[in-house]
Amino acid sequence: MLFEFILDKKSPLKSYESLYSILNDVEKCLKSNPVEAVLRARVAEERFINAILEINGIEIPDDLGMRKNLKLECTANKLNFLFEKGFINKTQLTYLNAVRRAGNIVANQKTEDENDIDANKVVEFLYEAIKIYVENFKEI
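Residues numbered from 1 in each chain as written. Predicted model: local features only at pLDDT ≥ 70, side-chain atom pairs only at ≥ 80, totals over all residues. Heavy atoms only, no water.

**Side note on the pattern of salt bridges**
Side-chain pairs of opposite charge can arise whenever the charged atoms involved come near each other. Considering all chains together, one arrives at seven salt bridges under this definition. One salt bridge in this structure joins Glu-45 and Arg-42, with 3.8 Å as the shortest N-O distance. Taken together, the residues span about one helical turn, with Glu-45 and Arg-42 both in helix H2 (residues 34–55) at a distance of three residues. For Glu-45, a relative accessible area of 0% gives the class buried. On the basis of relative accessible area, Arg-42 is assigned to the buried category, the value being 15%. For the salt bridge of Lys-131 with Glu-135, the shortest nitrogen-to-oxygen distance reads 3.8 Å. Highlighted residues: Lys-131 and Glu-135, both in helix H6 (residues 119–136), separated by four residues, approximately one helical turn. (Salt bridge = Lys/Arg side-chain N within 4 Å of Asp/Glu carboxyl O. Helix = DSSP H or I, 4+ residues; strand = E, 2+ residues; numbered from the N terminus. Buried < 20%, exposed > 50% of the residue type's maximum accessible area, 1.4 Å probe, protein only.)

What follows is the structure, given as structure tokens:
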């Protein structure tokens, strides 16, 4: 499987089983249902972002006002926060924003016929962003 590397004993993501599970779903859907693969990639992206925040000891408050003050109220802002704090680099930010936008586009389409999104590219971007994180991870 494509995302097996996150289970490696040195991976900071090895204990995030729900992330690994959704990544496997993404890969399984890729050939049979590309639209579903993109939607699941968007969910996986959220889990990945939340894992990075958790690994770095950052809690997302339940209160929306507090989340807004911390700029953690939406995925785009969470990505910018991770970039500003140095938890992800510019390449990862670009890849993850592409995954986010593709997921949003697919989620808001009326029919699958309107889909101009390359699901393989979306999964590749997600893979690369996660791979970079695992390879460059340094414990705090």
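Next comes the rest of the description.
**Some thoughts on the packing of aromatic side chains**
Geometry of an aromatic ring pair is reported as the spacing of the ring centres plus the angle between the planes. Tallied over the entire structure, the rule returns six aromatic pairs. Pairing Phe-3 with Phe-5 gives two aromatic rings, centres 6.4 Å apart and planes at 35°, and the pair type is tilted. By the burial criterion, Phe-3 is buried, and Phe-5 matches it. Between Tyr-95 and Phe-125, the aromatic rings sit 4.8 Å apart at their centres with planes inclined by 15°, giving stacked as the arrangement. One end of the pair, Tyr-95, is in helix H5 (residues 90–107); the other, Phe-125, is in helix H6, with 30 residues separating them in the sequence. Counting every residue linked through ring pairs, the aromatic cluster contains Phe-3, Phe-5 and Tyr-127. Lys-90 extends its terminal NZ or CZ atom over the ring of Phe-83, reaching a point 5.7 Å from the ring centre. The lysine or arginine in question, Lys-131, covers the ring of Phe-5, its NZ or CZ lying 4.4 Å from the ring centre. (Phe/Tyr/Trp six-rings, centres within 6.5 Å; stacked < 30°, edge-to-face > 60°. Lys NZ or Arg CZ within 6 Å of the ring centre and 35° of its normal.)

**Looking at unusual backbone geometry**
Phi is positive for Lys-71, which is not a glycine, with a value near 60°. Relative to the elements of secondary structure, Lys-71 occurs in the loop between helix H3 (64–70) and helix H4 (75–84).

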